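Summary of structural features
Here are the chains, one letter per residue:
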Amino acid sequence: MNSLIDKYNIPGPRYTSYPTVPYWDESTFSPENWRESVIRSFHESNAEEGISIYIHLPFCEALCTFCACHKRITKQHSVEIPYLESVLKEWKLYLELFEERPRLKELHLGGGTPTFFSPKNLKTLLEGIFETVDIAEHPEFSFEGHPNNTTRDHLQTLYDLGFRRVSFGVQDYDPKVQKAINRIQSFENVKNVTEWAKEIGYRGISHDLVFGLPHQSWEAMEHTIRKTMELKPDRLAFYSYAHVPWVKGVGQRGFDENDLPSGEEKRRLYEDGKKLLENLGYIEVGMDHFSLEHDDLYQSLIHKKLHRNFMGYTSSNTQLMVGLGMSAISDSWYAFAQNVKTVEEYQKIIEEGKIPVVKGHILNEEDLTVRRHILNLMCQLETTFTDKNSFPELENAFEMLQEMEKDELVEIYDNQIKITEKGRAFTRNVAMVFDLRMMRNKPETRIFSMTI
């Protein structure tokens, strides 16, 4: 395994989209054709599957130095109401594009720290959304909660509004690791919020664990997993730490790169962590995720309904996802668009009555084909070709896959590629083989985290 790590541990995307953001072609994108793609997608999908909404709530009271999200650090809660008013105004701008009432299938509150906002203000925001939509059957509403500031009132208020899934960021229980990443939180806090969620009736409780953090050892990782098992969440995200300190504003400078585990040590954290999780009853779903058998995530995998988008893995598959808030990314299937990345600019553009997109990408036919194959690999660990000769450059992909087949990472058939159990840890590498845009324009500087 060590020789494979040396061979395949290269910078690569996580493929929450294709093309990935650095390869968006902004020359063909405009706010006008973005609106056209939203209208098209809405008409094609609203009546049957409904739509998704992602709301980015960027405020945090402290900077976690492992985080690569777009956020604003402040302890001033006076920012809450003006920001939420802007989000509702942005949503109304999208409503003006729709000729009928949207059917809301999926809603996710991300950040930042969604629980920075008071339960009362979150309720005002959500009721403002809900009065304009019809709720689809079996909706999937979820939010990210910080164990240090999520109250029982947060959990009860959101539950009463239809939320059934909550994800708590745990990362690691080792004090040395917590200090390095500036994320000090006790097991007691995590235990309290998890037990409150269970008592209230949440059925999709998730804990986020991260491997590859500074000063992290296997002993610390094992301790974190075993403490997590005392609470038995329905699912786990077991993420590889993405070290991207060159990205402006992410704040990943609270430690030295020498403090990070080596590629070999990091791979051991994953492999041994995976074995321990499986021994404790969890099943690996896609990449980075584990769930118990009863959980929707595992059931969607079994029934081949697992989907992946900018929110990560989901059991709901909607064609249109509208991203609201500073830096939020939207996806109409035919196009991507990202909002401006500062609160002030976001609010200014909203006041001007414009949808605040700053960049995006219109997918061509080749993009749509490649996107489908990468999505299949990331969700089902396999993909099928009707015609491998559709794009000559995909022939190069099969040449590279033959090398992976020698390493027992994939199995190649006449019209199908399957990732093996051994190859699951290298799923990102397999997907990269199909990334035609990256192949044509390989980056001269590092823009992605390491795949291992």
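Just so we're clear, the structure is a prediction, and the values are computed from it rather than from any experiment.

Conventions adopted
- Residues numbered from 1 in each chain as written.
- Predicted model: local features only at pLDDT ≥ 70, side-chain atom pairs only at ≥ 80, totals over all residues.
- Heavy atoms only, no water.
- Helix = DSSP H or I, 4+ residues; strand = E, 2+ residues; numbered from the N terminus.
- Rg over C-alpha atoms; globule rule 2.2 N^0.38 Å.
- Contact = heavy atoms within 4.5 Å.
- Areas by Shrake-Rupley, 256 points an atom, 1.4 Å probe, with all protein chains shown as cover.
- Lys, Arg positive; Asp, Glu negative; His and termini not counted.
- Charge placed at Lys NZ, Arg CZ, Asp CG, Glu CD.
- Buried < 20%, exposed > 50% of the residue type's maximum accessible area, 1.4 Å probe, protein only.
- Pairing = 2+ DSSP bridges.
- Axes fitted to C-alpha atoms, helices over the stretch in contact; angles between N-to-C directions.
- Expected span 1.5 Å × (residues − 1).

Right, let's talk about the overall build of the protein for a bit. For the protein, the helix and strand inventory stands at 15 helices and 19 strands. Taken over the C-alpha trace, the protein has a radius of gyration of 21 Å; the compact-globule value for 452 residues is 22 Å, and the two agree within 12%. Judged by the C-alpha coordinates and their principal axes, the protein covers about 55 × 50 × 40 Å. Residue pairs in contact within the protein that sit at least 24 positions apart in sequence constitute 74% of those at least 6 positions apart. Only carbon and sulfur atoms are counted for the fraction: they give 47% of the accessible area of the protein, which is about 19000 Å². For the protein, the separation between the mean place of its 53 positive charges and that of its 69 negative charges on side chains is 3 Å.

On to unusual backbone geometry, then. Here the bond from Tyr18 into Pro19 is cis, since omega is -5°, no more than 30 degrees from zero. You can see Pro19 is positioned in the loop between α1 (2-8) and α2 (31-45). In this structure, Gly112 follows Gly111 across a cis peptide bond, with omega equal to 20°. Along the chain, Gly112 turns up in the loop between β4 (103-111) and α4 (119-130).

Okay, the environment of Glu257 next. Within the secondary structure layout, Glu257 lies in the loop between β8 (235-240) and α9 (263-279). Glu257 gets classed as partly exposed once you look at its relative accessible area, which sits at 48%. In sequence terms Glu257 and Arg101 are 156 residues apart; their C-alpha atoms lie 51 Å from each other.

Before going further, it helps to examine the sheet that holds strand β17 (residues 382-384). Within a sheet, adjacent strands bond to each other through the backbone by hydrogen bonds, running parallel or antiparallel. Strand order across the open sheet formed by 3 strands is β17-β19-β18, with antiparallel pairing between neighbours. Each having just a single partner strand, β17 and β18 (410-412) make up the two edges of the open sheet. Shown here is a sheet whose adjacent strand axes are inclined to one another by a mean of 10°, direction ignored. With 3 bridges joining them, β17 and strand β19 (residues 416-419) adopt antiparallel strand pairing. Residue pairing in the sheet places Thr384 in a bridge with Gln416 of β19.

Right, let's talk about helix α12 (residues 365-380) for a bit. The end-to-end C-alpha separation of α12 is 22 Å, in line with the 22 Å expected for 16 residues at 1.5 Å each. Where α12 is concerned, the buried positions are Glu366, Asp367, Leu368, Val370, Arg371, His373, Ile374, Leu375, Leu377, Met378, Cys379 and Gln380. Leu381 occupies a position one or two residues after α12 and carries a positive phi of about 65°.

Treat this as a map of the structure, not an account of what it does.
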